[in-house]
Amino acid sequence: MEEAEADEVAEDLRNAGLKDNLIGPDEHVLLSPVTVPQTVMAKQTARLDRLGQIMIDVLGRYWDRDSTGLLRQLGYHAAAADVLERTGLPATNPFARWDVIATPQGWRVLELNVGGATAGQDDRQMQQVYDRAAPDGLTVPPHPAPFETLARRLPPKLGSGLVVCDDDDELARSPISAQIAARSLRHLTGLDVPIVPASALLTGDSTPSAVFELFTLRECLRHPSRYVAYLDAVSAGDFVSVNPVQIDLLMNKATLALASQASAEGALPTSDAAIVDGLLPWTMPVSSQTRDAVARRQRQQTVLKAANGYGGQDVHCGWSMSDAAWTDLLNAAISGETAYVAQQRVTGVPVTLVAMSPQGEFVAFDTAPVLGIFCNGDQYGGGFARASMTDDAVVNAHNGAAVGVIRIDGE
């Protein structure tokens, strides 16, 4: 583009991203869209959808074998069993975002995000900017509607309404996730969608037809008194639970490790084992039983993650530590209360991208972007890209990553 045109498109993208709540005012906007061939996306979303179903099946098997041991491995204390006895285990793939990275060997899954961790869903205005700037004659496949994956979770009738509910503390700290969810649901339903804290849910005269939960099992365990009425209503089937708290088990990184373990044990059909081994990097729970196996891995190629962490929290990269510090970390992970998994370092294929800083400066850099993929069943349901502008291995907006959209290439 000519310089003046590039400036105009860049400013339009930033404004669109701010309106869509994909980026914040202090975050970098990714000017270069990340493009994925339509055939590749179709194949990979079908595999991601199947991986989610495999994880659900594996959780059920381990629960039946030893529910107490499973919860310990996932990093939940014993009270989680009481909640799960009332809610059941995950039964279907949730509304969620897969974080993946393209490597020379294919796509690799970094984690699965559910509830409030799914972040932005609406990229319509940014996509429209790219549509307008596309060269004449370029055919772009239709962009998935950003709310299609939400529509699958709603009941056909919402006579008593729909509410977005988050933990009291999270709402007070940052209401943006709730605001994004409420806006998305208003777009889908045409209804007013109020936002309520967990302690105020079900305190009115009527019970909503559906509740869109942004809190997870962890909040239920951390503040049990806030969730008594909610769990009673869930047990009684008083409303449709759009993001049931038990899906927190699928966001747990130890569940990825369980899927890998099931494949290694030969407990999966050949086709499912191929999906697990193809999409998941080597992942193993850290315990006294697995310490030697983890220690044998090259430190420079291993990362240690809190099983119950998300958003880049409590992630330790072996390549940035000394041997002594890595050994101390493993010992602390085994003896401490927090559950950890060890995972093979994932090195993606770098591409050249351009971002704009909040100050309006253009920055070109080479990196492997992380793709956030929403699946609408086995179809692509939209997504966005994050790209690190530094050498930081944890790629999210809080660490200065640039945020932008994914474009589908019809070729």
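The structure we're discussing is the one just above.
First, a word on scope: everything that follows refers to the structure included in this document. Bear in mind that the values here come from a model prediction, so they are computed numbers and not experimental data.

**Remarks on the overall build of the chain**
Phase 1 of the analysis: When you go through the chain residue by residue, the secondary structure sums to 14 helices and 17 strands.
Phase 2 of the analysis: Relative to a compact globule of 411 residues, whose C-alpha radius of gyration would be 22 Å, the chain shows 21 Å and is just as compact.
Phase 3 of the analysis: Looking at the chain as a whole, 52% of its 411 residues are labelled buried.
Phase 4 of the analysis: Taking the intrachain contacts of the chain between residues at least 6 apart in sequence as the baseline, contacts between residues at least 24 apart amount to 73%.
Phase 5 of the analysis: In the form shown here, the chain has an accessible surface area of approximately 18200 Å², with 48% of it arising from carbon and sulfur atoms.
Phase 6 of the analysis: Mean positive and mean negative side-chain charge positions of the chain (31 and 50 charges, respectively) differ by 6 Å.

**What to know about the packing of aromatic side chains**
Each aromatic ring pair is specified by the distance between its two centres and by the angle formed by the two planes.
Phase 1 of the analysis: Counted by the stated rule, this structure contains five aromatic pairs.
Phase 2 of the analysis: Between the aromatic rings of Phe-215 and Tyr-230, the centroid separation amounts to 5.0 Å while the plane-to-plane angle is 85°, which identifies the pairing as edge-to-face. Within this pair, whereas Phe-215 is found in the loop between strand S7 (210-213) and helix H8 (217-222), its partner Tyr-230 is found in helix H9 (residues 228-236), the two being separated by 15 residues in sequence. In terms of burial, Phe-215 and Tyr-230 fall into one category: buried.

**Considerations on unusual backbone geometry**
Phase 1 of the analysis: Notably, Asn-21 is not glycine yet its phi reads approximately 60°, a positive angle.
Phase 2 of the analysis: With respect to the helices and strands, Asn-21 occurs in the loop between helix H1 (3-19) and strand S1 (28-30).
Phase 3 of the analysis: You can call Asn-21 partly exposed: its relative accessible area is 27%.
Phase 4 of the analysis: Its identity is not glycine, yet Leu-202 carries a phi of approximately 70°, on the positive side.
Phase 5 of the analysis: Take Leu-202: it is sitting in the loop between strand S6 (195-197) and S7.
Phase 6 of the analysis: On the basis of relative accessible area, Leu-202 is assigned to the partly exposed category, the value being 25%.

Conventions we followed
Residues numbered from 1 in each chain as written. Predicted model: local features only at pLDDT ≥ 70, side-chain atom pairs only at ≥ 80, totals over all residues. Heavy atoms only, no water. Helix = DSSP H or I, 4+ residues; strand = E, 2+ residues; numbered from the N terminus. Rg over C-alpha atoms; globule rule 2.2 N^0.38 Å. Buried < 20%, exposed > 50% of the residue type's maximum accessible area, 1.4 Å probe, protein only. Contact = heavy atoms within 4.5 Å. Areas by Shrake-Rupley, 256 points an atom, 1.4 Å probe, with all protein chains shown as cover. Lys, Arg positive; Asp, Glu negative; His and termini not counted. Charge placed at Lys NZ, Arg CZ, Asp CG, Glu CD. Phe/Tyr/Trp six-rings, centres within 6.5 Å; stacked < 30°, edge-to-face > 60°.

Just distances and angles here, no functional claims.
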